[in-house]
Amino acid sequence: MPEQEVVAVRESDHSSLQADIDTNHHLRVGGCDAVELTKSYGTPLIVYDEERLRRTIRAFHEVFQRERVEYQISYASKAFCTMAMCQLVYEEGCGIDVVSGGELYTALASGVPAHAIHMHGNNKTPDELEYAVRENIGAIIIDNFYELSLLQDIAAARGRNVDVLIRVAPGVEAHTHEFIATGGQDSKFGFDLSSGQAGEALRQLSRAENLRCVGLHSHIGSQIFDAEGFVVAVERLADLYHFGAIELKLPFRVLNVGGGFGIQYTDEDAPPVSETISAIVATAKEVFGRKEIPLPTLWIEPGRSIAGPAGVTLYQVGSQKRVPGIRNYLAIDGGMTDNPRLALYGAKYHAVYANRADATPEDAWSVAGKCCESGDMIIWDAPLPNPQAGDILAVFATGAYNYSMASHYNRIPKPAVVFARNGKAELVVQRETWADLVRRDMPLRGK
Ligand SMILES: Cc1ncc(COP(=O)(O)O)c(C=O)c1O
Ligand SMILES: N[C@@H](CCCC[NH3+])C(=O)O
C-alpha cells in the first residue's frame, strides 16, 4: 500500500467521523488506503482502525486510574464478537462479557482465559449454563428466579461453587431509543428493584449453597449521552448493596454499572464518555462513603463505545435513480444484512466516497441496500457528491452492532472484516461465499 501524506484529519477523541484523507483524496483507515483495501478484499468490507480500538480502551483505563479506584472493564462482545476482537480487548486488559454459548465459545477459542469471561442473558439455556459452569468462567450474572434455581441445580450437580452477580432493573429510564433502553421497571431484563424482587433474589442467594453472590449489576440501556441515569442507578443500587453486604452478609465486592456509553454517529452526537465514567465514580465514592461501606470494585461493560467508532464499512456504489421532486436514491452492494440499525432504530450515519473523500456534496442522496425490502436503507438524504462509476461509499462508525447483527436475508453472504494498523491490513474474518450459505442445507431425499 503506497504511503501518502495525510492532508486532512477530522478526528478528535470523541469523533467517530474519522476522515483521514490522502493527497490522492482517498480515505485512509488505520493508515491504509480504503480504496486499495476494497481491491484486495472486495466489498462490502468492514475495516477497523486497530489503533483506535486500542486507544479507546486505554482511555477507559486512564479515567479509572486517574480516579484511583479498583475497576474492571468487561467488553460487551455482543457489539462485535470475533476471535480477533476478543484477543485484542483481552490484550488491552479487559474482561469479556458474553450473552450466549456462541459468544462464550468465540472468547474461549480466541484464547481468553475463562476467569476473564462473564455471562449475561435473560434466558440462558440449561446447555449454556452447563457450558459456563464446566468452563469455570469468572462470573454469571443471574437475570431471574428461574435461572437462579436452575444454576444452583447445575452447580450442585457438578459439585462446583459459582461466582454470580444479580442483574437489577433499577427503574431508571435512560434517554435513548425505547428498543435499547433496558433499565426501566417494565423490562424483560433483571430483577425489579422497586417491588422487592431484587432483595428477594439476594435472600435466596444467601441460602443457595453453590452460588456465591459477589455483587450487583445493572445496565440501563445503550447509546446514552447523559450521566444522570447512571448516577441514579448507582444511588439506588447502593441501598441494595448495603442490604446484601451488611444485612445478609453476602461476599459482595462488585458494583457493575453496565455499558451504554453513547458514540458519535453524526455531527449531532457529542459523547461525553470520560465525564460519564467520572460521574459514576464520584457518585459511587460519595454514596458508599456515606454508608460507610468500602467502595466495591467498579465494573463497566462498554460495547459500542469501544467497537463502534473504529469501524468503517466500504461499499461499491451501484444503481441510482432520481424520483423527480421527491428523492434521489443510490444503492450499494450491502444493506440491512450488514447494517440493520436504521431499519431497527432509525439510526443515522455519516458517509463519504472513499475514492474522493474530500469532494463537496452536491445533492441529497438516500443510501439504499440491495435487499427486497423498502425499509432496507442505510442513510436517508445524505449530502453527497453525485455518484460516478467506481465510487466506493464509506459509512462511518459501523464497528458495533453491524457485523454482529448481520443476517443472511436474501441469501446475502456476510462481509469480510479487516483490521488496519500503521498502514498494514490483516483479514480477521473471511468473506462468506454462496457455497457457505448452503453448507448446512440438506437436499430433499427419497423423492
Ligand atoms: C448487560 C449489558 N452490558 C453491556 C451492554 C453493552 O452496551 P453498549 O454497547 O451500549 O455499551 C449491553 C447492551 O446494551 C448489555 O445488555
Ligand atoms: N443492538 C443495539 C444495541 C443493543 C445493545 C445490547 N443490549 C444497537 O445497535 O444499538
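The name an unreviewed UniProt entry assigns to the protein is Diaminopimelate decarboxylase, from the organism Alicyclobacillus dauci. Of the protein, the UniProt comment under Pathway (unreviewed entry) reads exactly: "Amino-acid biosynthesis; L-lysine biosynthesis via DAP pathway; L-lysine from DL-2,6-diaminopimelate: step 1/1." Under the heading Sequence similarities (unreviewed entry), UniProt records this for the protein: "Belongs to the Orn/Lys/Arg decarboxylase class-II family. LysA subfamily."

### What to know about the overall build of the protein
Scanning the protein for helices and strands turns up 12 helices and 22 strands. Relative to the 2.2 N^0.38 estimate, which gives 22 Å for 447 residues, the radius of gyration of the protein is 23 Å and therefore close to what a compact globule would have. Expressed along its principal axes, the backbone C-alpha trace of the protein runs to roughly 70 × 65 × 45 Å. Counting the 447 residues in the protein, one finds 57% classified as buried. Total accessible area computed for the protein in this model is approximately 19100 Å², and 49% of it derives from carbon and sulfur atoms.

### Looking at the packing of aromatic side chains
What characterises a pair of aromatic rings is the spacing of the ring centres plus the angle enclosed by the ring planes. A full pass over the atoms with the stated rule returns 12 aromatic pairs. Measuring from centroid to centroid gives 4.9 Å for phenylalanine 145 and phenylalanine 191, while their planes differ by 75°, and the two rings are edge-to-face. Highlighted residues: phenylalanine 145 in helix H6 (residues 145-158) and phenylalanine 191 in strand S11 (residues 191-192), separated in sequence by 46 residues. Judged by its relative accessible area of 28%, phenylalanine 145 falls in the partly exposed class. One aromatic cluster in this structure is built from Tyr48, Phe80, Tyr403 and Phe419.

### Points about the site of ligand 1
Not every one of the 15 residues close to ligand 1 is listed here, only the nearest: His219, Ser222, Glu301, Arg304 and Tyr401. At 2.3 Å from an oxygen atom of ligand 1 is found a side-chain nitrogen or oxygen belonging to serine 222. Within the backbone of arginine 304, a nitrogen or oxygen atom sits 2.7 Å from an oxygen atom of ligand 1. Taken by itself ligand 1 offers 390 Å² of open surface, and the protein chains cover 93% of this. Its residues assigned to classes, the shell around ligand 1 shows 3 nonpolar, 7 polar and 5 charged.

### Re the site of ligand 2
The environment of ligand 2 is made up of 7 residues, and the closest members are Arg304, Arg341, Tyr345, Tyr401 and Met405. Contact distances for ligand 2 include 2.5 Å between an oxygen atom and a side-chain N or O atom of arginine 341. Side-chain polar atom of tyrosine 345 to a nitrogen atom of ligand 2: 2.9 Å apart, as the coordinates give it. Taken by itself ligand 2 offers 310 Å² of open surface, and the protein chains cover 85% of this. Of the residues assigned to the shell around ligand 2, the class counts are 4 nonpolar, no polar and 3 charged.

### What about the packing of helix H8 (residues 228-247) against helix H9 (residues 273-290)?
Relative orientation and spacing of two packed helices are given, respectively, by the angle between their axes and the distance between those axes. At a minimum axis distance of 9 Å, the contact between H8 and H9 shows a crossing angle of 30°. Viewed along their axes, H8 and H9 adopt a mutual orientation that is roughly parallel. At the point where H8 passes H9, the crossing takes the right-handed sense. Residues Phe230, Val231, Val234, Glu235, Ala238 and Tyr241 of H8 form the contact with H9, whose own contacting residues are Thr276, Ala279, Ile280, Thr283, Ala284, Val287 and Phe288. Looking at the contact of H8 with H9 residue by residue, the classes come out as 10 nonpolar, 2 polar and 1 charged.

### Observations regarding H8
In this model, H8 (20 residues) spans 28 Å end to end at C-alpha, consistent with the 28 Å of a helix rising 1.5 Å per residue. Positioned one or two residues after H8, lysine 249 has a phi angle of 60°, which is positive.

### Some thoughts on unusual backbone geometry
Of the consecutive residues threonine 43 and proline 44, the connecting peptide bond is found in the cis state with omega at -15°. For alanine 397, which is not a glycine, the phi torsion comes out positive at approximately 60°. Among the secondary structure elements, alanine 397 is positioned in the loop between strand S20 (392-396) and strand S21 (416-421). Notably, tyrosine 401 is not glycine yet its phi reads approximately 60°, a positive angle. Relative to the helices and strands, tyrosine 401 is located in the loop between S20 and S21. Judged by its relative accessible area of 14%, tyrosine 401 falls in the buried class.

Basis of the calculations
Residues numbered from 1 in each chain as written. Chains lettered and ligands numbered in written order. Predicted model: local features only at pLDDT ≥ 70, side-chain atom pairs only at ≥ 80, totals over all residues. Heavy atoms only, no water. UniProt positions renumbered as here; feature names shortened; annotations may be inferred. Helix = DSSP H or I, 4+ residues; strand = E, 2+ residues; numbered from the N terminus. Rg over C-alpha atoms; globule rule 2.2 N^0.38 Å. Buried < 20%, exposed > 50% of the residue type's maximum accessible area, 1.4 Å probe, protein only. Areas by Shrake-Rupley, 256 points an atom, 1.4 Å probe, with all protein chains shown as cover. Phe/Tyr/Trp six-rings, centres within 6.5 Å; stacked < 30°, edge-to-face > 60°. Near = heavy atom within 4 Å. Polar contact = N/O pair within 3.5 Å; in protein donor to acceptor, adjacent residues only side chain to side chain. Nonpolar A, V, L, I, M, F, W, Y, C, P; charged D, E, K, R; others polar. Axes fitted to C-alpha atoms, helices over the stretch in contact; angles between N-to-C directions. Parallel < 35°, antiparallel > 145°, perpendicular 65-115°, else oblique. Left-handed = near helix turned anticlockwise from the far one by under 90°. Contact = heavy atoms within 4.5 Å. Expected span 1.5 Å × (residues − 1).

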